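Spelled out, the chains give:
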Amino acid sequence: MSWLDEIRWDKDGLLPVIAQERRTGDVLMFAWMNREALQRTAELGQAVYWSRSRGRLWHKGEESGHRQKVIDIRLDCDNDVLLLEVEQLGRPAGAPSIACHTGRHSCFFQRYEAGAWHAVLPVLEDPERIYK
């Protein structure tokens, strides 16, 4: 039995994944992995996800250069959610990292306040410059 067989994949063969920055503890993003993505992530030591919109594997940072070096891979108690502790790469030393396709540090940049969503994290780099 493979370590991959211990995972409770959903009906589409996918597993929800949370990426957390080890240095800050910030939750950077949520994504999906299929079996091949998780196996490649473990082999490469870099995050590889399954893009539902593209219908293919997606190596984080393949266009933007904002890659994720995987420090630790954790499976939850129900074997159906993965936590990646990552070092977010692609910015000069000391500069805030970018994990979100909007050019922000985290995909979780909107806060609910008084009946509306408000962006509470700044755009660090224009997405038009990041993506091809």
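Our subject is the structure that appears above.
Parameters at a glance
Residues numbered from 1 in each chain as written. Predicted model: local features only at pLDDT ≥ 70, side-chain atom pairs only at ≥ 80, totals over all residues. Heavy atoms only, no water. Pairing = 2+ DSSP bridges. Helix = DSSP H or I, 4+ residues; strand = E, 2+ residues; numbered from the N terminus. Axes fitted to C-alpha atoms, helices over the stretch in contact; angles between N-to-C directions. Buried < 20%, exposed > 50% of the residue type's maximum accessible area, 1.4 Å probe, protein only. Polar contact = N/O pair within 3.5 Å; in protein donor to acceptor, adjacent residues only side chain to side chain. Contact = heavy atoms within 4.5 Å. Arc of directions from axis to C-beta. Salt bridge = Lys/Arg side-chain N within 4 Å of Asp/Glu carboxyl O.

**Q** Give a detailed account of the sheet that holds strand 2 (residues 27-33), specifying residues and quantitative values.
**A** On the basis of which strands lie adjacent, the open sheet formed by four strands has the order 2-1-6-5 and mixed pairing. Sheet topology places strand 2 and strand 5 (68-75) at the edges, where each strand pairs with a single neighbour. Within the sheet, the average angular offset between the axes of one strand and its neighbour, ignoring direction, is 25°.

**Q** Provide a residue-level description of the side chain of Ser97, including the pertinent values.
**A** Considering the arrangement of structural elements, one finds Ser97 in the loop between strand 6 (82-88) and strand 7 (110-113). Overall, Ser97 belongs to the buried group, its relative accessible area being 5%. Within the local environment of Ser97, its side chain forms a polar contact with the side chain of His105, the two groups lying 3.0 Å apart. When neighbours within four sequence positions are excluded, Ser97 is seen to be in contact with Glu21, Gln88, Arg91, Arg104, His105 and Leu124.

**Q** How would you summarise the environment of Asp76 if you had to cite specific residues and measurements?
**A** Turning to its location among the elements, Asp76 is positioned in the loop between strand 5 and strand 6. Between the C-alpha atom of Asp76 and that of Asp5, which follows or precedes it by 71 residues, the distance is 15 Å.

**Q** Quick one: what's the story with helix 1 (residues 35-44), residue by residue and with numbers?
**A** Among the residues making up helix 1, those that are buried are Ala37, Leu38 and Thr41. Buried residues in helix 1, looked at end-on, bunch into an arc of 95°, giving them a common side. Its side-chain oxygen placed 3.3 Å from the backbone nitrogen of Glu36, Asn34 serves as the N-cap of helix 1. Positive backbone phi, approximately 75°, marks Gly45, located one or two places after helix 1.

**Q** Which residues make up the pattern of salt bridges, and what values go with them?
**A** Within the structure shown, the criterion is met by nine salt bridges. Between Glu62 and Arg54 there is a salt bridge; the shortest N-O distance is 3.8 Å. Asp72 is the salt-bridge partner of Arg74, the closest N and O atoms lying 2.8 Å from each other. One network of salt bridges, in which partners are shared, links Arg54, Arg56 and Glu62.

**Q** Pulling in residues and values, what's your account of the pairing of strand 6?
**A** Counting buried positions along strand 6 gives five out of seven residues, so the element sits mostly inside the fold. Relative to strand 6, strand 1 (residues 15-21) runs parallel, the two sharing five bridges. Bridge pairing links Ile18 to Leu83 in strand 6. Alignment of strand 5 against strand 6, held across seven bridges, turns out to be antiparallel. Its bridge partner being in strand 6, Leu75 is matched across the sheet by Leu82. Hairpin geometry of strand 5 and strand 6 is characterised by an intervening segment of six residues between the two adjacent antiparallel strands and by a positive phi of about 60° at Asn79.

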